[in-house]
Amino acid sequence: MRYPGASRVYRLFLRLLPERFRDEEAGNIEAILADMGARRAFEGKRTGLGFWLRAWADVISCAFRERASTRRAMRRGRFHSRETGSVASILARAPGDVRRAIRGLVREPGFAAIAIATLAIGIGANTAIFSAVNGVLLRPLPYEDPDNLVAIFTRFTPESGYDFAKYPVGSPEYFDYRSQNRAMEEVAAVSTETIAITAGTGEPEQVMGALVSPSMFSVLRASPLLGRTLQPSDGGAEPASVVVLGYGLWQRRFGGDPDVVGRTIALGFSVQSPAATAEVVGVMPPDFAFPRRSTELWAPLLLDPARTWRGGHWFWMIGRLAAGMDLEQSQAEMEALMATWAIEYPDHHVGHDLWMLPLLDETVGDVRPALLFLLGAAGSSSNC
Amino acid sequence: MSERPLKMQWFHILLALSDGSLHGSAIQRAVLERTDGVLQIWPATLVRALRGLDEAGLIERVHGPSEEPPDLRRQYYALTERGRDRLGAEAELLARWASAAAQATDGSGTATAR
């Protein structure tokens, strides 16, 4: 299990259950939970944080419901004729209820401690998760005019013989988009690659790199901390052996040494060649990471205009909308462009459509539901 | 017989036990499979529901198969006569409601939302 402490926390939450219930059933509950974990492992599913949050919530809500129903049953038995309902009678009862609650907490300090700890954890989790939601969902991308940035993919509708909702782009398409569309100020090709690095200090490691058209930096309007970013002459059919380092990688392997710019280092590209050397031309500032939070190295992607076969798709694109263009307008124009492909190259482009969305949605799309779920879970656990 | 329907979890637990006695984990899996993965009853909630059903006299605790090693022996549950009757009454009630709903939607029972 990926969360070794999680079952300890689970057992802690079991202590919230009324004593008799716990004594009689804790073993059964744990056995069922263990079976669930084993079954998930057998099915190849992870027992991740989501699983544990639901398991904890199950125990906590069960404890509260069980205690509430026990209290109801006791009250029905003891105070059968007691009137309920009117505001006055509720208010009249309130001091007694508070006293009873305090007496109950004093009598069961363990329950009180765990209830308070639950509240504390809930409030802490809320704060932590709200910061994450704030950072990822509410704060826009850390680039200039982020609203004008779009992510460009394609999709194959069943008409094409395939059915892919979101599919990469191919190199002839990239050149067509670049030369024939006016909706975008500029577009860039982006693909990710794991790259082995042995240079600098420390064990050789695999870092998350990106092979990109040099225009990626200008589309994002990102400037380097040191040296330069990739420039147009670095890309093309024979890309230059140059790399730009991310801030973290530069600190970690090169001790933040500014002289690393201009040095040639050894790299293992898993696709382009088994081992290569590349000149470090620049270092990016700490807040820059694209397309993923973990990307730490950028090198030019091979893009050969002479390569005209339209059947290969292996990267995606980003673009910056031209001044005065909105997403719908540019979408219409790009779709018109693709419609001409379907006529010109029916073998590859019939049933091949555009899939374009704001870059923020693409970047946070995968984590948005998870984050909102966590926020909801933390909210409900601290509000019990 | 009262017209108030059973809680959905109770109904599905009774249904799972209608073929014979099962332990908690097997009940949970049977309910999950019967509902095509929709109704996942988490352990504490399941055990609490089983206690409620036991107190209501609809199920009882029974011994599991004796070939289970003692340290792995689990609590098994079985329908009581009363539980079986209640499940039958529930089936009639639900069938009556379902047929009313089917009639209200052209009697096809497969009315689709547009």
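Residues numbered from 1 in each chain as written. Chains lettered and ligands numbered in written order. Predicted model: local features only at pLDDT ≥ 70, side-chain atom pairs only at ≥ 80, totals over all residues. Heavy atoms only, no water.

(A) Geometry of the overall build of chain B. Scanning chain B from N- to C-terminus turns up four helices and three strands. Moving toward the C terminus, one meets the helices and strands of chain B in the order α-β-α-α-β-β-α. The long-range fraction of contacts in chain B, counting pairs at least 24 apart against all pairs at least 6 apart in sequence, stands at 54%. About 6,900 Å² of surface is accessible on chain B, with carbon and sulfur atoms providing 51% of the total. (Helix = DSSP H or I, 4+ residues; strand = E, 2+ residues; numbered from the N terminus. Contact = heavy atoms within 4.5 Å. Areas by Shrake-Rupley, 256 points an atom, 1.4 Å probe, with all protein chains shown as cover.)

(B) Inspection of the interface of chain B and chain A at higher detail. Across the boundary between the two partners, chain B contributes 18 residues, which contact 21 residues of chain A. Taken over both partners, the interface formed by chain B and chain A buries close to 1,800 Å², and the fraction arising from carbon and sulfur atoms is 55%. If you sort the residues of chain B by the area they bury against chain A, Trp42, Arg48 and Arg51 of chain B come out on top, with a joint share of 39%. In this structure, the connection of chain B to chain A is made through five salt bridges. Here Arg74 of chain B makes a salt bridge to Asp35 of chain A, at a shortest N to O gap of 2.9 Å. Scanning the region where chain B abuts chain A turns up 11 residue pairs in polar contact (both at pLDDT 80 or more). (Buried area = accessible area lost by both parts, 1.4 Å probe. Salt bridge = Lys/Arg side-chain N within 4 Å of Asp/Glu carboxyl O. Polar contact = N/O pair within 3.5 Å; in protein donor to acceptor, adjacent residues only side chain to side chain.)

(C) A look at the packing of aromatic side chains. Residue and element names in this part refer to chain A. Considering all chains together, one arrives at 17 aromatic pairs over all chains under this definition. Taking 5.2 Å as the distance between ring centres and 75° as the angle between the ring planes, the aromatic pair formed by Tyr174 and Phe175 counts as edge-to-face. In this structure Phe175 comes out as buried when scored by relative accessible area, which is 15%. Arranged with centres 6.0 Å apart and planes meeting at 25°, the rings of Phe217 and Phe288 form a pair that is stacked. With Phe217 in helix α7 (residues 215–220) and Phe288 in the loop between β8 (276–283) and β9 (295–300), the pair connects residues that are 71 residues apart, well separated along the chain. (Phe/Tyr/Trp six-rings, centres within 6.5 Å; stacked < 30°, edge-to-face > 60°. Buried < 20%, exposed > 50% of the residue type's maximum accessible area, 1.4 Å probe, protein only.)

(D) View of the side chain of Arg51 of chain B. Mapped onto the elements of the fold, Arg51 of chain B is located in helix α3 (residues 43–55). Look at Arg51 of chain B and you get buried, because its relative accessible area is 10%. When residues no more than four places from it in sequence are discounted, the contact partners of Arg51 of chain B are Phe21, Glu24 and Glu25 of chain A together with Arg61 of chain B.

(E) Layout of the environment of Arg61 of chain B. Turning to its location among the elements, Arg61 of chain B is positioned in strand β2 (residues 59–62). As a C-alpha pair, Arg61 of chain B and Ala78 of chain B span 17 residues in sequence and 6.5 Å in three-dimensional space. Side-chain polar atoms of Arg61 of chain B contact the side chain of Glu25 of chain A, separated by 2.7 Å.

(F) Seen up close, a nonpolar patch on the surface. On the surface, Val98, Ile102 and Val106 of chain A cluster together into a nonpolar patch covering about 290 Å² of accessible area. With respect to the helices and strands, Ile102 of chain A occurs in helix α4 (residues 87–107). (Patch = residues over 30% accessible without salt bridge, like charges linked within 9 Å, V, L, I, M, F, W, Y side chains within 5 Å.)

(G) The arrangement of the pattern of salt bridges in detail. According to the stated counting rule, one finds 17 salt bridges over all chains in the structure shown. Between Arg11 of chain A and Glu30 of chain A there is a salt bridge, and its shortest N-O distance comes to 2.8 Å. Here Arg11 of chain A, found in helix α1 (residues 6–14), pairs with Glu30 of chain A, found in helix α2 (residues 19–42); they are 19 residues apart in sequence, far enough to count as distant. Among the ionic pairs, Glu24 of chain A bridges to Arg51 of chain B, the shortest N-O distance being 2.8 Å. Of this pair, Glu24 of chain A sits in helix α2 while Arg51 of chain B sits in helix α3, each in a different chain. Taking relative accessible area as the criterion, Glu24 of chain A reaches 41% and is therefore assigned partly exposed. Taken together, the shared-partner salt bridges connect Arg20, Glu24 and Glu25 of chain A together with Arg51, Asp54 and Arg61 of chain B into one network.

(H) The packing of α1 of chain A against α2 of chain A, seen in detail. Residue and element names in this part refer to chain A. Orientation of α1 relative to α2, taken along the N-to-C sense of each, is 155°, at an axis distance of 11 Å. When the interaxial angle is binned, α1 and α2 end up roughly antiparallel. Two packed elements cross with a definite hand, and for α1 against α2 that hand is right-handed. Each of Tyr10, Arg11 and Leu14 in α1 lies in contact with α2, whose residues at this interface are Arg22, Ala26, Ile29, Glu30 and Leu33. Among the residues making up the contact of α1 with α2, the classes are represented as five nonpolar, no polar and three charged. (Axes fitted to C-alpha atoms, helices over the stretch in contact; angles between N-to-C directions. Parallel < 35°, antiparallel > 145°, perpendicular 65-115°, else oblique. Left-handed = near helix turned anticlockwise from the far one by under 90°. Nonpolar A, V, L, I, M, F, W, Y, C, P; charged D, E, K, R; others polar.)

(I) Quick peek at helix α4 (residues 81–104) of chain B. Residues and elements named next belong to chain B. In this model, α4 (24 residues) spans 35 Å end to end at C-alpha, consistent with the 34 Å of a helix rising 1.5 Å per residue. Every buried residue of α4 is accounted for by Gly83, Arg86, Leu87, Ala89, Glu90, Leu93 and Ala102. Those residues of α4 hidden inside the fold are in contact with α1 (8–17) and β3 (76–79). (Expected span 1.5 Å × (residues − 1).)

(J) Structural context of unusual backbone geometry. Residues and elements named next belong to chain A. With an omega of 5°, the peptide bond between Phe290 and Pro291 qualifies as cis. Tracing the backbone through its elements, the reader meets Pro291 in the loop between β8 and β9. Backbone geometry places Asp145, a non-glycine residue, at a positive phi of 45°. Of note in this structure, Arg221 is not a glycine but carries a positive phi near 55°. Here Arg221 shows up in the loop between α7 and β5 (226–227).

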